[in-house]
Amino acid sequence: MTAPGPLSVVLAGGGTAGHVSPLLATAEALLRLDPATRVTVLGTAEGLEARLVPAAGLDLRVLPRVPLPRRPTVDLLRVPGRLAGAVAAARRVLTEVSADVVVGFGGYVATPAYLAARQARVPVVVHEQNALPGLANRVGARLTPWVATTFEGTPLRGAQRVGLPLRAAVAGLDRDALRGEARAALGLRPDLVTLLVTGGSLGAQRLNDVLPAVRADLAAAGVQVLHVSGRGKTVTVPDLGAGPGAGTVVPYVVEPYLDRMDLAYAACDAVVCRAGAGTVCELSALGLPAAYVPLPVGNGEQRRNAEPLVAAGGGLLVADADLTPAWVRTTLLPLLADPDRLAAMAGAARAHGVLDAADRLAGMVVRAATGGTP
Ligand SMILES: CC(=O)N[C@H]1[C@@H](OP(=O)(O)OP(=O)(O)OC[C@H]2O[C@@H](n3ccc(=O)[nH]c3=O)[C@H](O)[C@@H]2O)O[C@H](CO)[C@@H](O)[C@@H]1O
């Protein structure tokens, strides 16, 4: 059975950019397939989607946030009432836009969206970004045969690996062509080895503390830094004074958040970062060598996100507690001074990455909406 006319697709997800970016990339791919597709996004007023979705020109509908407690606490008793309100709100949106399919990316709004779709008999597609699934997607995967994952081996029933949908600005990035322009736009020198430091969309205080502390060593080695710190997080970059590296002008540029991460990726030669699924997949698809410092909380998904890439030679894995000034001096600086090793890592990363996940997921969404089989 084929739905008549253009499809109406509801994308549900949000929270951090790690959740919003694949949603936006999937919207881009659906609109590439058919520019007449109606795309509606369900998100929260608190997440980054509240800014990023309208900025991408998409229709955002806000649902109340329903955090699901990870452990059975008294708060669990309040979930059904809150959840019922959010399901009813989602259901109204599905009816208003005559949804043909709901695609959930996990997070706060995904659970009510999945339940509303089930009530309205609208097909559901689940996309899980992380190597270990979150609670919302564990629920969602029980309701549908259409389950897509970023990584191989994610424990969800019926999972098919499609990779992580990447925005066209990243997937289509020609780093060599954009390098000069990107460095100039970011206040970096054209001629120096360039390290990108990024703690993901929210930043990471640990990275913000450790990397500036070795500014003098980096500068003395001729390594300039672009440090994306996260909004509201602090970074104190020491003045070089008369210490090592003084007298040479080696930039250490701090930006709280970049809407154009493609510029950062074009500008840099290597990366020190957290291991959010988005960062891992973008860097591997672009062939960027990186030292991954997984966030040591949550269900351990960040370590699992980076492990296969690191095992394939595409980067280093550094425990949070091991990220110290000494590590920078003894491990990172020698790596940055070794173009052959960097090139080998870059090649291994590129071989591991997936560039066309957005098109693969969009294809699955259309099949789910039009009565296909998984
Ligand atoms: C603290 C937290 O909850 N972290 C989770 C969050 O991470 P977080 O949101 O940090 O996610 P990711 O590393 O997955 O992705 C970061 C995304 O933000 C973009 N970006 C980043 C910085 C910037 O200045 N501009 C910008 O556009 C990157 O290009 C990338 O697309 O979602 C990930 C994907 O579900 C999870 O794996 C992480 O565990």
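Attention in this report is confined to the structure presented alongside it. (Residues numbered from 1 in each chain as written. Predicted model: local features only at pLDDT ≥ 70, side-chain atom pairs only at ≥ 80, totals over all residues. Heavy atoms only, no water.)

With that settled, the discussion passes to the sheet that holds strand S13 (residues 315-317). With respect to topology, six strands assemble into an open sheet ordered S10-S9-S8-S11-S12-S13, the strand pairing being parallel. Single-partner strands in this sheet number two, and they are strand S10 (252-255) and S13. Across the sheet, the mean angle from the axis of one strand to that of its neighbour is 15 degrees, orientation sign disregarded. Taken together, the four bridges between strand S9 (residues 223-228) and S10 define a ladder with parallel strand orientation. Each bridged residue has a counterpart across the sheet, and for Leu-226 the counterpart in S10 is Val-253. (Pairing = 2+ DSSP bridges. Helix = DSSP H or I, 4+ residues; strand = E, 2+ residues; numbered from the N terminus. Axes fitted to C-alpha atoms, helices over the stretch in contact; angles between N-to-C directions.)

Let us look at the site of the ligand. In the region of the ligand, 24 residues are neighbours, and Asn-130, Ser-201, Gly-278, Thr-279 and Glu-282 sit closest. Here Asn-130 contributes a side-chain N or O atom positioned 2.4 Å from an oxygen atom of the ligand. Note that an oxygen atom of the ligand is positioned 2.5 Å from one of the side-chain N or O atoms of Ser-201. When isolated, the ligand has an accessible area of 760 Å², and the protein chains bury 90% of it. For the shell around the ligand, the residue count by class is eight nonpolar, 13 polar and three charged. (Near = heavy atom within 4 Å. Polar contact = N/O pair within 3.5 Å; in protein donor to acceptor, adjacent residues only side chain to side chain. Areas by Shrake-Rupley, 256 points an atom, 1.4 Å probe, with all protein chains shown as cover. Nonpolar A, V, L, I, M, F, W, Y, C, P; charged D, E, K, R; others polar.)

The next point concerns helix H1 (residues 17-33). Between its terminal C-alpha atoms H1 stretches 24 Å, which fits the 24 Å expected from 17 residues at 1.5 Å a residue. Ala-17, Val-20, Ser-21, Pro-22, Leu-23, Leu-24, Ala-25, Thr-26, Ala-27, Ala-29 and Leu-30 are the residues of H1 that are buried. On its buried face, H1 is in contact with strand S1 (8-12), strand S2 (38-43), helix H2 (49-55) and helix H15 (357-369). (Expected span 1.5 Å × (residues − 1). Buried < 20%, exposed > 50% of the residue type's maximum accessible area, 1.4 Å probe, protein only. Contact = heavy atoms within 4.5 Å.)

Moving on: helix H7 (residues 175-185). Considered for burial, the residues of H7 that qualify are Arg-175, Leu-178, Ala-182 and Arg-183. Projected down its long axis, H7 carries its buried residues within an arc of 135 degrees, all on one side. Pointing more than 90 degrees away from the buried face of H7 are the exposed residues Ala-177, Glu-181 and Ala-184. Those residues of H7 hidden inside the fold are in contact with strand S8 (193-198), S9, helix H10 (261-267) and helix H11 (277-286). Directly beyond the C-terminal end of H7, a positive phi value near 80 degrees is found at Gly-187. (Arc of directions from axis to C-beta.)

Attention shifts here to the pattern of salt bridges. Summed over all chains, the structure comprises 13 salt bridges. For the salt bridge of Glu-282 with Arg-167, the shortest nitrogen-to-oxygen distance reads 3.6 Å. Remark: Arg-167 occurs in the loop between strand S7 (159-161) and helix H6 (168-171) and Glu-282 occurs in helix H11; sequence separation between them is 115 residues. (Salt bridge = Lys/Arg side-chain N within 4 Å of Asp/Glu carboxyl O.)

Take unusual backbone geometry next. For Ser-98, which is not glycine, the phi torsion reads 45 degrees and is therefore positive. The topology assignment puts Ser-98 in the loop between helix H3 (79-96) and strand S4 (101-104). Residue classification places Ser-98 among the exposed positions, given a relative accessible area of 51%. At Arg-121, a residue that is not glycine, the phi angle is positive and equals roughly 55 degrees. What makes Arg-121 exposed here is its relative accessible area of 77%.

Glancing now at the sheet that holds S4. Strand order in the open sheet made by the seven strands is S3-S2-S1-S4-S5-S6-S7, with parallel pairing throughout. Of all strands in the sheet, those bounded by a partner on one side alone are strand S3 (59-62) and S7. The sheet shows a mean angle of 25 degrees between the axes of neighbouring strands, taken without regard to direction. Bridge count for S2 against S3 is four bridges, and the pairing is parallel. Within the sheet, the bridge partner assigned to Thr-40 lies in S3 and is Asp-59. Of the strands in this sheet, S1 and S2 touch H1, which is tilted by about 170 degrees from S1. Of the strands in this sheet, S1, S2, S4 and strand S5 (124-128) are in contact with helix H4 (residues 110-119), which crosses S5 at around 160 degrees.

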